[in-house]
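Observations on chain architecture
Given next are the chains, with one letter for each unit.
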Amino acid sequence: MKKFLMIIAISAMITSCSKDENLMQDQSVVNTESNFQVLFETPIPYSELESRIDQLGISKSSVVVTHNFSLGGTPFRGFIPLRENSNEISFNETINKGISGLENETEIQTGKYASKSGGSVSRSKELYNVSEMMITNVTVDESKVSDVFSTSKVIRSEKRDIAGTEKESKQYSQKSGSSDSWIPDAYGYRIQESTSYTGKRYLLTAMIWATTDPFGDWSDNVTFEPDFNLNNSSNSSLGPGTYLDDSEYINGVPNVHYAASSLPRAYLDTRDTDANHIKTFTIGCADAAEIESFKQYKNYIVTDEGDADQDNAQVIFQRGQRWPSNVYNTWSVFNDDFYVGGVLIVDIDNVVPSERPFGSGWPISVPGTDTWYK
């Protein structure tokens, strides 16, 4: 769950495209640590990716990569944070174990809305190719990143403080009257010890919409986040500590072992600016307009064991929007007020509602399994 009090200046460069397709860099931005999203025109093998990381001179631990696969006919995106000792063998093993967990231990029923889905993944070499990478908090020049990935789309995200900016006008993303069609009709979760990964734990969530075109009342840049939050508060009846490992990158992206999602344009969400006691484990949907009715969507996250064997949790659904609308990553999704040139683009009171399906507070006992219906 993100509460942004800042905006993001994003510039994109596609060397094979015309200048009209480039996002212009704000010249007023002070040089600082940046995040880069690299979209490969053709997915590349790990060995080639490793060579390019070496050319950039950055740490592997600043990189999260994405690969694509299909499970039972449903397309998924998988997320693998790299580590300094990562190599091609360990990379492939992480993918194999992650998908095995998704196949074997994570089926959730959502009542009348979806039947059990099965199917296996063909372990072809293409399964291990990287389709996208996120580089976080590095001081590498954008020109160098663009040179190293000269045939790819490179997008830079850079945070800027906007304190003191005045509200001048509102630009709503809602097309028509209020509607709760964006709220899933069924949602289930399972959080427990992993049988695929010794000494690790996982969270699976599943959701389904029973309304035709559930996000049709909002503009095409509408987004959706199903936040699953663990309670690390010292005021908790269970004391501080979380069931899943709550470590994270410096930019707030959870340092998961593996994650995967079947949501359209899925992204591993940041905890940036969340309260310290809220540990969010979220894979968001950057293109909710593509969500289909009567189709079950799954999110799957594997982490090391946390520092608590019991925990409590909350679930919050949030609707937001992308800015710029043609950029699909965690840094372009806004679920709170933010401004561009003094203009209020999103107003949470009118545009970005939230829903707590299991109730307020921390109503969920962890580990456990449960299902909610609208």
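Moving on: the pattern of salt bridges. In total, this model carries 11 salt bridges according to the counting rule given. Salt-bridge contacts for Lys 60 lead to Glu 50; the nearest nitrogen and oxygen are separated by 2.5 Å. Placement of the pair is Lys 60 in the loop between α1 (46-56) and β3 (63-71) and Glu 50 in helix α1, with a sequence separation of 10 residues. Between Arg 77 and Glu 132 there is a salt bridge, and its shortest N-O distance comes to 2.3 Å. Highlighted residues: Arg 77 in strand β4 (residues 74-81) and Glu 132 in strand β5 (residues 130-138), separated in sequence by 55 residues. The residues Arg 77 and Glu 132 share a single accessibility class, namely buried. Each member of the salt-bridge network shares a partner with another, and the members are Glu 193, Arg 201 and Asp 309.

Another point: the side chain of Asn 229. With respect to the helices and strands, the residue Asn 229 is situated in strand β9 (residues 222-231). For Asn 229, a relative accessible area of 0% puts it in the buried group. Within the structure, the side chain of Asn 229 is placed 2.8 Å from the side chain of Thr 280, a separation counted as a polar contact.

What counts, and where the lines are drawn
Residues numbered from 1 in each chain as written. Predicted model: local features only at pLDDT ≥ 70, side-chain atom pairs only at ≥ 80, totals over all residues. Heavy atoms only, no water. Salt bridge = Lys/Arg side-chain N within 4 Å of Asp/Glu carboxyl O. Helix = DSSP H or I, 4+ residues; strand = E, 2+ residues; numbered from the N terminus. Buried < 20%, exposed > 50% of the residue type's maximum accessible area, 1.4 Å probe, protein only. Polar contact = N/O pair within 3.5 Å; in protein donor to acceptor, adjacent residues only side chain to side chain.

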